[in-house]
Amino acid sequence: MTSSAPPAERARIAVFAKAPVPGQVKTRLAGVLGEAAAAGLHAGLVRHALSTAVAAGLGKVQLWCAPDEHHDFFERCAADFGATLHAQRGADLGARMRAAFDEAFARGEALVIIGADCPALKPADLRAAAGALHAHDVAIAPAEDGGYVLLAMARAVPQIFEGVAWGGPSVMGETRARLAAAGVSWSELPVSWDVDRPEDYERLRREGLLQEVLS
């Protein structure tokens, strides 16, 4: 199937992020770093993701905020990166992503969604995802833990957002099966990794990304 995707130049980038509230973010790292330091790391990851999104040079950058956009950190991010702020809406991650895509499709635009947890993503990865939408309906970057770190879509495929065990190791497999069942053409980017566990933090340090994130 060939996509009728909008041009890559019209693909916006959405960064999904939670407010950096100690005790509510990076809880698996809080036991090692402490709650305040874990929240600080999360804030650095959000800013790094926004920097990557801006450097990709595609459409406007959006910051989709949880629990809502009314937090000083988000307002500073909007000012520093020229991002527009949007409140995440929906009962789970699937519903929240679907709402963001639906808003983009209503404007006739494609959308690339990334989380704030994958500093290994580069601007070229975002451009590759947007470019893939010239020939495919969906582009996706699998994660080593069984999920995915990037999702780009040029048209609605609601099946991939419903009834998924978000955060579990079967997300990418379920998504592939649903895309295939829907007859959707998709492109996969190289497998990447995100920062959730103490071993991920050590990898962040080992690969020289920690200083980038915290700078």
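Anything mentioned here points back to the structure above.
Computed from a predicted structure; not experimentally measured.

(A) Up close: the environment of A116. You can see A116 is positioned in the loop between β4 (111-115) and α5 (123-132). Along the backbone, A116 and G44 are 72 residues apart, and their C-alpha atoms lie at a distance of 9.0 Å. In this structure A116 touches F16, A17, L45, V46 and A49, once residues within four positions along its chain are discounted.

(B) Summary view of the layout of surface pockets. By volume, the largest pocket is sized at about 1,100 Å³. Lining the largest pocket we find 36 residues, and of these L93, D117, G167, D194 and D196 sit closest to its centre. Within the residue set of the lining of the largest pocket, elements represented by two or more residues are β1 (12-18), α1 (27-33), α4 (93-106), β4 and β6 (148-153). Among the elements that make up the lining of the largest pocket, the one with the highest residue count is β6 (four residues).

(C) Up close: the pairing of β1. Where burial is concerned, most of β1 is hidden: six out of the seven residues are buried. By the bridge criterion, five bridges tie β1 to β4 in an arrangement that is parallel. Its bridge partner being in β4, I13 is matched across the sheet by V112. Pairing of β1 with strand β2 (residues 61-66) involves six bridges; the strand directions are parallel. Pairing of A17 across the sheet is with C65, part of β2.

(D) Here's a closer look at the pattern of salt bridges. Scanning the entire structure with this criterion turns up 17 salt bridges. A salt bridge links D137 to R155; the shortest N-O distance between them is 3.2 Å. Of this pair, D137 sits in the loop between α5 and β5 (138-142) while R155 sits in the loop between β6 and α6 (171-181), placing them 18 residues apart in sequence. Classification of D137 by relative accessible area gives buried; the value is 2%. Overall, R155 belongs to the partly exposed group, its relative accessible area being 31%.

(E) Layout of the side chain of H86. Counting through the fold element by element, H86 comes out in strand β3 (residues 84-87). Exposure remark for H86: the relative accessible area of 16% places this residue in the buried category. The contact partners of H86, leaving out residues within four places of it in the chain, are Q62, L63, W64, C65, E69 and E103.

Calculation notes
- Residues numbered from 1 in each chain as written.
- Predicted model: local features only at pLDDT ≥ 70, side-chain atom pairs only at ≥ 80, totals over all residues.
- Heavy atoms only, no water.
- Helix = DSSP H or I, 4+ residues; strand = E, 2+ residues; numbered from the N terminus.
- Contact = heavy atoms within 4.5 Å.
- 1 Å grid on protein atoms, 1.4 Å probe; cavity = no way out; pocket = protein on both sides within 12 Å on 5 of 7 lines; lining within 4 Å.
- Points joined across faces, edges and corners; volume = space filled by probe spheres on them.
- Buried < 20%, exposed > 50% of the residue type's maximum accessible area, 1.4 Å probe, protein only.
- Pairing = 2+ DSSP bridges.
- Salt bridge = Lys/Arg side-chain N within 4 Å of Asp/Glu carboxyl O.

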